[in-house]
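Okay, here's what each chain looks like letter by letter:
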Amino acid sequence: MAVEKIRIGIGHDTHRLVVGRPLFLGGVRIEHEAGLAGHSDADIVLHALTDALLGAAGLGDIGDHFPDTDPAYAGKESCYFLNETKRLIKKNGYQIENVDLIIHAQKPRLSEFKPIIRESIARILGLDKALVNVKAKTGEHVGPVGRQEAMECHAIVLLIEMRDREDQQ
Ligand code: MG
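Residues numbered from 1 in each chain as written. Predicted model: local features only at pLDDT ≥ 70, side-chain atom pairs only at ≥ 80, totals over all residues. Heavy atoms only, no water.

Let's talk about unusual backbone geometry
(1) Moving on: A cis geometry characterises the amide bond from Lys107 onward to Pro108, with omega recorded as -5°.
(2) Moving on: Here Pro108 shows up in the loop between strand E5 (94-104) and helix H4 (114-125).
(3) Moving on: A positive phi angle, close to 60°, is found at Ala42, a residue other than glycine.
(4) Moving on: Of note in this structure, His141 is not a glycine but carries a positive phi near 65°. (Helix = DSSP H or I, 4+ residues; strand = E, 2+ residues; numbered from the N terminus.)

Shown next, in the form of structure tokens:
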């Protein structure tokens, strides 16, 4: 059996919650009394995912490519980072095989938003939504997430090296 070259990548992000900021998760605007603080739109889901993709391809991290000290990225929509990363991954000969995410938020309850976030990420990455999985957890009222001081996201991705796939045909 032919073995394809696969690469795994992990990403994580945390942002503080502040009243009066809009909340974006996975490119989806979610109505809530507080949003995430940050230089860009502070979308922890897209930041964690961008880092996972860069990591899998051996291309460093989001801060290397889009530094938060650069005024060009102030208030930037995070789908820009993910789109640019998707382009970079492809240029380096990789195809995304699947994506799995865990969003940690005490409030709001994310169960009703999971399908919309899944569709949003699948659309940004140009993937079938069956290849994108979104999970949500509360902080059980402990720690920064549980006390509603922050939200976090973990992301993991698998890439396949396209050159190998072509070689095997
Ligand atoms: Mg971030």
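From this point on, the discussion continues.
Section: the coordination of the magnesium ion
(1) Moving on: Protein ligation of the magnesium ion involves Asp13 (OD), His15 (NE2) and His47 (ND1), the donor distances falling in the range 2.2 Å.
(2) Moving on: Each donor residue of the magnesium ion belongs to the same chain, and together they define the spacing D-x1-H-x31-H. Of this pair, His15 sits in strand E1 (residues 6-19) while His47 sits in helix H1 (residues 44-56), placing them 32 residues apart in sequence. By the burial criterion, His15 is buried, and His47 matches it. (Donors = N, O, S within 2.8 Å, 3.2 Å for Na, K, Ca; no water. Buried < 20%, exposed > 50% of the residue type's maximum accessible area, 1.4 Å probe, protein only.)

Focus on the sheet that holds strand E4 (residues 34-36)
Strands pair in a sheet through their backbones, by hydrogen bonds, and they do so in one of two ways: parallel or antiparallel.
(1) Moving on: Sheet architecture is open: five strands sit in the order E4-E1-E7-E5-E6, paired in mixed fashion. Single-partner strands in this sheet number two, and they are E4 and strand E6 (132-137). The sheet shows a mean angle of 25° between the axes of neighbouring strands, taken without regard to direction.
(2) Moving on: In this structure, E5 lies alongside E6, joined through six bridges in parallel fashion. Bridge pairing links His104 to Lys137 in E6.
(3) Moving on: Strands in contact with H1 are E1, E4, E5 and strand E7 (150-161); relative to E1, the strand with the most contacts, it is inclined by about 155°.
(4) Moving on: Strands in contact with H4 are E5 and E6; relative to E6, the strand with the most contacts, it is inclined by about 145°. (Pairing = 2+ DSSP bridges. Axes fitted to C-alpha atoms, helices over the stretch in contact; angles between N-to-C directions. Contact = heavy atoms within 4.5 Å.)

A look at the packing of H1 against helix H3 (residues 78-91)
(1) Moving on: The interhelical angle for the contact between H1 and H3, taken along N-to-C directions, is 15°, at an axis separation of 9 Å. When the interaxial angle is binned, H1 and H3 end up roughly parallel. Between H1 and H3 lies a crossing of left-handed hand. Residues Leu46, His47, Leu49, Thr50, Leu53 and Leu54 of H1 form the contact with H3, whose own contacting residues are Ser78, Cys79, Phe81, Leu82, Thr85, Leu88 and Ile89.
(2) Moving on: Considered class by class, the residues forming the contact of H1 with H3 number nine nonpolar, four polar and no charged. (Parallel < 35°, antiparallel > 145°, perpendicular 65-115°, else oblique. Left-handed = near helix turned anticlockwise from the far one by under 90°. Nonpolar A, V, L, I, M, F, W, Y, C, P; charged D, E, K, R; others polar.)

What about H3?
(1) Moving on: Relative to the 20 Å expected for 14 residues at 1.5 Å per residue, H3 spans 20 Å between its end C-alpha atoms, a close match to the ideal helical length.
(2) Moving on: For H3, the full list of buried residues reads Ser78, Phe81, Leu82, Thr85 and Ile89. End-on view of H3: buried residues confined to an arc of 90°, all on one side of the axis. Seen from the open side of H3, the exposed residues pointing more than 90 degrees away from its buried face are Arg87, Lys90 and Lys91.
(3) Moving on: Its buried side turned inward, H3 meets H1, helix H2 (62-65), E5, H4 and E7.
(4) Moving on: At the C-terminal side of H3, Gly93 shows a positive phi close to 90°. (Expected span 1.5 Å × (residues − 1). Arc of directions from axis to C-beta.)

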